[in-house]
Amino acid sequence: MTESSLRSAIIEELIKIAPDLDAADIDDDGLLHDDYDLDSMDSFNLASAIHQRLGINIPDSDFARLQSVGDLVRYLAQKA
Amino acid sequence: MSDFLMPSLGADMDSATLVEWLVKPGDSVKRGDVIAVVETAKGAIEIEVFESGVVDALLIEVETEIDVGTPLARIRGAQQSAEPPVSSPPMEAPSVASPVEAKAATEPEETEADQLIAPHPSPSSGERLRASPLARARSSQQQLDLEQMKGSGPAGAILARDLPADNQASEAVSRKAGKLGFDPGAMRKAIASAMARSKREIPHYYLQNRFDMSAAVTWLAEYNAGQEPAQRLILSALLLRATVLALQSYPEFNGFWQDEAFQPSTDIHLGMAINIRSLGLITPALRNLEQASLAEVMLKLQDVTKRARNGGLRSSEVGTATLTVTALGERGVDSVFGVIFPPQVAILGFGRMHREPVAVGDALAVRPIIQATLAADHRVSDGHRGALFLDRIGQLLNEPAKLAESSSIDKGAHHD
């Protein structure tokens, strides 16, 4: 899977979790928690959606370190 | 024969607009069926009927604004007063009705949320097109054909968010609000009215306590390490579970102030403050947590958060919480001193978890700390009991394995 298809998959799942977010406002470097206001339930849902969609189980301890869409894309690109 | 009245949707909502009937005259309905959808400042809400019978007549036209208490439908063979209210169908019928339950004979009855996940009839040809008033208004402004749209609302109703973006709608907030079916102006007004009433009528007192979360954090990390993402827990689930267990020993924080007296509730419906980005606040109830295990608390939290954001809450989840919990710590504040949502009598706040030096014995240690606060109604309880209640929650969080043990009532250490 290419980085760009990983990115669009992540953004699609993010919008499902937080429909009040706008896809156009999301970029690689924005911080999920501080800039997009994701809370711990949103993060839980994102980890769960990534696991279901991409089959990649991100351990909780790793997930806590991944703070932006860019971080997630790079992490998943290594695992995929 | 009886009239089914528009139920209360909480102290901050007096009216709503009927979007769609999901039943027609001649249909059989049973308690807990979703029979209509209304649109409110806080999004679309599904209205559940609280009696069983046959629909005789629908009394309100779609797109009418209806006040709480307005007759919506006439129901034949309704047995709303003959049978005692059962607030939790999966369990045996309560033998002694609590004051709150007893009152329910004259008030809209609540039903178990879990049994209501019934499939909606899907729109079929020949039926009236389902669409919210906002969606209808927008589509006619933009000269769009609603027939071509796919609805994402309850029963496939087309909501404003289903319409293509309007180039003329420039303001970001109104665009977001429209997308979700929320009305930020009305939501602000509703919050203003409930909170002003709270501060006018309720003599609040405030307490704060510092919880060492080491045990809870360690337990949670170990638990989650062995779970797939969908089975993991978040800290909020532990906080809610500890609150429920502590309430068993301190019932004076769970219930309503009504008719100049405290009406305790045996059911525990915790309201969870959920922020809708830049628009406002919703506090839907996680119902019957007294029967829920830790994993079930997590599932309910997940389910209700999702529906609150998407506008699919049910009438039994709105305005029925017996105690509210707010976890503003997610937004970085150390403490939150809440304003009680009437007619409730307390609100618990959990601040940001952060590492802090604390004295452990004679030495210093750095520990994960959460500041917990309680704002409570002084007409009902005193600071002494409030302090013990908070302390009990802290103790329970120190023994996280016990939180996971079972859903039964914990008789743990009492403090009297």
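Presented here is an overview of the structure given in this document. Predicted model, so just to flag it, every value in this text is computed and none were measured.

Counting residues at the interface gives 22 residues for chain B and 23 residues for chain A. Taken together, both faces of the contact between chain B and chain A bury some 2200 Å²; the carbon and sulfur share is 46%. Taken together, the connections running from chain B to chain A amount to three salt bridges. Its salt-bridge partner being A:Asp39, residue B:Arg309 comes within 3.6 Å of it at the nearest N-O pair. Counting every contact that joins chain B to chain A gives four residue pairs in polar contact (both at pLDDT 80 or more). Elements that contribute at least two residues to the side of chain B that touches chain A include exactly α3 (172–180), β13 (274–276) and α7 (294–310) of chain B. Broken down by element, the side of chain B that touches chain A gets its largest block of residues, six residues, from α7(B). Broken down by class, the residue content of the side of chain B that touches chain A amounts to seven nonpolar, six polar and nine charged.

Our focus in this paragraph is the sheet that holds strand β5 (residues 43–48) of chain B. Paired through their backbone hydrogen bonds, the strands of a sheet run either parallel or antiparallel. Residues and elements named next belong to chain B. Taken in spatial order, the five strands of this open sheet run β7-β2-β4-β5-β16, and their pairing is mixed. Edge positions in the sheet fall to β7 (65–67) and β16 (313–314), since each of these pairs with one other strand and no more. With two bridges connecting them, β5 and β16 associate as parallel partners. Residue glutamate 46 lies in a different strand from β16, and its bridge partner there is arginine 314.

Turning our eyes to something else, we now look at the pattern of salt bridges. A full pass over the atoms with the stated rule returns 24 salt bridges over all chains. Residue A:Arg53 is joined to A:Glu12 by a salt bridge in which the shortest nitrogen-to-oxygen separation is 3.2 Å. Of this pair, A:Arg53 sits in helix α2 (residues 40–54) while A:Glu12 sits in helix α1 (residues 3–17), placing them 41 residues apart in sequence. Residue classification places A:Glu12 among the partly exposed positions, given a relative accessible area of 42%. B:Asp303 is paired through a salt bridge with B:Arg307; the nearest N and O atoms lie 2.8 Å apart. One end of the pair, B:Asp303, and the other, B:Arg307, are both in helix α7, four residues apart, so they sit about a helical turn from each other. In this structure B:Asp303 comes out as partly exposed when scored by relative accessible area, which is 30%. Judged by its relative accessible area of 14%, B:Arg307 is buried. A single salt-bridge network, built from bridges that share partners, covers B:Glu46, B:Asp303, B:Arg307, B:Arg314 and B:Glu317.

What follows covers the packing of α1(A) against helix α4 (residues 69–79) of chain A. All names here are of chain A. At their nearest, the axes of α1 and α4 sit 9 Å apart, and the two run at 125° to each other. In this view, α1 runs oblique relative to α4, as classed from their interaxial angle. Our pair here, α1 against α4, has a crossing hand that is right-handed. On α4, the residues that touch Glu3, Leu6, Arg7, Ile10 and Leu14 of α1 are Val69, Leu72, Val73, Arg74, Leu76 and Ala77.

Further remarks concern unusual backbone geometry. Excluding glycine, most residues fall at negative phi; most peptide bonds, likewise, are trans. Omega for the bond connecting B:Pro342 with B:Pro343 falls within 30 degrees of zero, at 5°, which places this linkage in the cis form. Residue placement: B:Pro343 occurs in the loop between β17 (323–326) and β18 (346–350). The phi dihedral of A:Asp37 falls on the positive side, at around 65°, and the residue is not glycine. By relative accessible area, A:Asp37 is classed as partly exposed at 23%. A positive phi angle, near 50°, is found at B:Asp259, a position not held by glycine. Mapped onto the elements, B:Asp259 comes out in the loop between β10 (255–258) and β11 (261–264).

What counts and what doesn't
- Residues numbered from 1 in each chain as written.
- Chains lettered and ligands numbered in written order.
- Predicted model: local features only at pLDDT ≥ 70, side-chain atom pairs only at ≥ 80, totals over all residues.
- Heavy atoms only, no water.
- Contact = heavy atoms within 4.5 Å.
- Buried area = accessible area lost by both parts, 1.4 Å probe.
- Salt bridge = Lys/Arg side-chain N within 4 Å of Asp/Glu carboxyl O.
- Polar contact = N/O pair within 3.5 Å; in protein donor to acceptor, adjacent residues only side chain to side chain.
- Helix = DSSP H or I, 4+ residues; strand = E, 2+ residues; numbered from the N terminus.
- Nonpolar A, V, L, I, M, F, W, Y, C, P; charged D, E, K, R; others polar.
- Pairing = 2+ DSSP bridges.
- Buried < 20%, exposed > 50% of the residue type's maximum accessible area, 1.4 Å probe, protein only.
- Axes fitted to C-alpha atoms, helices over the stretch in contact; angles between N-to-C directions.
- Parallel < 35°, antiparallel > 145°, perpendicular 65-115°, else oblique.
- Left-handed = near helix turned anticlockwise from the far one by under 90°.

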